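Coordinate inspection notes
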Amino acid sequence: LGGLVPISVSALPQFLATSVMMFLYIFIFTTVRDTKDSLVVTNCGAEAIPFLKLYGVLPMATAFIMGYSKLSNVLSKETLFYVTLVPFFIFYIAFAFLAYPARDMLHFPPPPGTMMHPAMALLRYWSFSAFFIASELWASAGVPLLFWQCANDVTNLEQARRFYPLFAVIGNLAPIASGKTMSAIVSRQATNDDDGFGMTLKYLALVKVSICGGIICLYRLVNGMSSKGRALALTRSMKKGQKCQAKKKKPTFAESMVELSKSKELRAMATKVICYNICIELTEVLWKGILRKKYTNKSDYMAYMANFSQIVGITAFILQIAASSIIRNLGWMAAALITPLSMAALAIPFFLSVSLGEKYVPAATALLIGTVQNVISKATKYALFDPTKEMAYIPLGPEAKVKGKAAVDVLGARTGRSIGSASQQIMVIIAGGSILRCAPVLGILYFITVIVWSHAVIILGKLFKKHSEASE
C-alpha cells in the first residue's frame, strides 16, 4: 500500500487480523476499566483505590506472574495462551449473573453509626474489590502480555517498524466502539438504580464472552499464517546445512528472574513501565476524586466514563495515523519521549488547579483539565508508548520475550501503580482522609518520576539503536 500505509499486499491479511485482535483486547479493557471504577469509586470512594491496588492488586499480580512463568515451562505457547485468557471471562460471567445479583447477601452489613474507612469499605464490598482486581490484572495481561507477545512472535523487526504504530489505528477504535456500546446499554436501563445497573453488567458480560471467542479465532488464524513462514524459513536453513539446536532444560522462575535482571534493555523497559504507571496513578485518583463528587450514581458515573472512553479513542486514532511517520522520521528515542513530556506539560495546570482549591478554581474547571490530561496520557500511551516499547522487545531472546515481558508488563505495571498508591495512602493519612488536599506533594512526585522515565528512555534508545544497526 506504500506511503502512508507501508504494507505489502501479501502481508495485509496478517496485519488486518492482528489489528482486529488488538481492537478486541482494547474493547474488553475499556469496558472493564469503566465498570470497575463505577463499582468501587461510587461505593468506597476514590481514596479506596490506592489501598486496593497496593494490598489487593500487587499480591495477585505477583502470584499471577509466578504462576504464568511456572506454566510457561510445562505448557506449549498456545495452551498457555488459552489457560491465561479464558479464566478472566469465566469470572466476568460469574460476577454478572451470580455475584452481583446476590450482593446484599454476600456483602457485610455496615457498622452502625460510623463512617467507614476506605479500606474497611473495600472489605465490606469484597465482590466489587474482586472485580476491580481481576480487571486490573486484565489491564496488564490483555494487551501488554497476551496480545503483544503474540504480535512479537509473528512479526520481525523490519515489519515492526511499519506494523506496530499502525496496529493501533484499528485497535484504538475500540474505546470509541466500547464507549458507544456502554452508553447504548446504560441508556436502555429500565431503572437508574442498582437493579438496572445489574442488567447492564449482564449484557456487557455476554458481549465479553462473544469477544473472547473472536480473540481465540484470530489468535489461531494469525499463528497459522506465521507458522507457514517459519516452516519455510526452517526448510531453507536446513538446506544450508544449519542444525536445529537441542532443546535446553527450561530454567525455574527464580533462575529466569536473576538472569533477566542482568539485561540492560529489560531494566530500562521496567523503569519506563513503572514510571508511566506511577504517573497515571498520581493523576488518575485525584481526577476520580473530583469525578465522584459530581457523579454519585453508578449508572451516571459509567455513562461519563463511556463518553470519556470515546474521546480517548478518537484522540488516539488521530494521533495513531501519524505515529508511524513520527517513529520513522524522528527516530525511536524522540518518539518514545513524546509520552512523558506531553503528560508532564498537561499535569502542571491540573495539579495547580486542584492545589488552589474550589475557592480559586471551580471544580468543573479542575475536572475538565484533569479529563484532558487523562485523555492525552492514554492516547499517547496507545499511539507511541506501547509501539516503541514493543519494538524494543523484538531483538531480544525468547526467554526475555516470554518471562521478561511478563515480569516487565504485569509486575512492572503493578509495582508502578503500587508505588503511586503507597504515596497517596501516606498523603491521605497526613491530609486527614481527603486525596484532593494531597495535590501539591503528589505533583512534585509526578515530575521527579517523569525525569527518571525520560532518562530510562534515553538509555533504552541507545541500546535499541545498537540492535537495529546490528540487524541491518
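Now for a quick tour of the structure.

Criteria and thresholds
Residues numbered from 1 in each chain as written. Predicted model: local features only at pLDDT ≥ 70, side-chain atom pairs only at ≥ 80, totals over all residues. Heavy atoms only, no water. Helix = DSSP H or I, 4+ residues; strand = E, 2+ residues; numbered from the N terminus. Buried < 20%, exposed > 50% of the residue type's maximum accessible area, 1.4 Å probe, protein only. Areas by Shrake-Rupley, 256 points an atom, 1.4 Å probe, with all protein chains shown as cover. Salt bridge = Lys/Arg side-chain N within 4 Å of Asp/Glu carboxyl O. Axes fitted to C-alpha atoms, helices over the stretch in contact; angles between N-to-C directions. Parallel < 35°, antiparallel > 145°, perpendicular 65-115°, else oblique. Left-handed = near helix turned anticlockwise from the far one by under 90°. Contact = heavy atoms within 4.5 Å. Phe/Tyr/Trp six-rings, centres within 6.5 Å; stacked < 30°, edge-to-face > 60°. Lys NZ or Arg CZ within 6 Å of the ring centre and 35° of its normal.

1. Re the overall build of the protein
The helix and strand tally for the protein stands at 16 helices and 0 strands. When the 472 residues of the protein are sorted by exposure, 55% land in the buried category. Of the accessible surface of the protein, which amounts to about 20,100 Å², a share of 68% is contributed by carbon and sulfur atoms.

2. With respect to the pattern of salt bridges
Under the defined criterion, the tally for this structure stands at 18 salt bridges. Arg220 is the partner of Glu78 in a salt bridge, and the nearest nitrogen-oxygen pair spans 3.1 Å. Taken as a pair, Glu78 in helix H3 (residues 77–99) and Arg220 in helix H9 (residues 194–239) lie far apart in primary sequence, 142 residues in all. Using a relative accessible area of 35% as the deciding quantity, one classes Glu78 as partly exposed. Taking relative accessible area as the criterion, Arg220 reaches 51% and is therefore assigned exposed. Two residues, Asp195 and Arg103, come together in a salt bridge whose shortest N-O distance is 3.3 Å. In this pair, Asp195 is assigned in helix H9 and Arg103 in helix H4 (residues 103–106), connecting sequence segments 92 residues apart. Its relative accessible area of 53% is what places Asp195 among the exposed residues. Given the relative accessible area of 10%, Arg103 is considered buried. Salt bridges linked by common partners bring Lys36, Asp37, Lys53, Glu136, Glu281, Glu284, Lys288, Lys378, Arg414 and Arg417 together as one network.

3. Digging into the packing of helix H2 (residues 48–74) against helix H6 (residues 126–154)
Axis separation between H2 and H6 bottoms out at 9 Å; the angle between their running directions is 45°. In terms of orientation, H2 and H6 fall into the oblique class. Of the two possible hands of crossing, H2 and H6 adopt the one that is right-handed. Taking contact as the criterion, the partners of Ile49, Leu52, Lys53, Gly56, Val57, Met60, Ala61, Phe64 and Tyr68 in H2 are, on H6, Ser129, Phe132, Ile133, Glu136, Leu137, Ala141, Leu145 and Gln149.

4. With respect to the side chain of Thr449
Locating Thr449 in the fold gives a position in helix H16 (residues 439–471). Accessibility expressed as a relative area gives 10% for Thr449, which makes it buried. Among all residues touching Thr449, those that are not within four sequence positions of it are Cys275, Ile278 and Cys279.

5. Thoughts on the packing of aromatic side chains
A complete count under the given rule lists 29 aromatic pairs for this structure. Measuring from ring centre to ring centre gives 5.0 Å for Tyr295 and Tyr304, while their planes differ by 35°; the resulting arrangement is tilted. A relative accessible area of 18% means that Tyr304 is categorised as buried. An aromatic cluster of at least three residues, connected via ring pairs, comprises Phe91, Tyr92, Phe95, Tyr100, Tyr125, Phe128, Phe131 and Phe197. Its end group placed over the ring of Tyr100, Arg103 keeps NZ or CZ at 4.3 Å from the ring centre. The side chain of Lys272 reaches across the aromatic face of Phe385, ending 4.8 Å from its centre.

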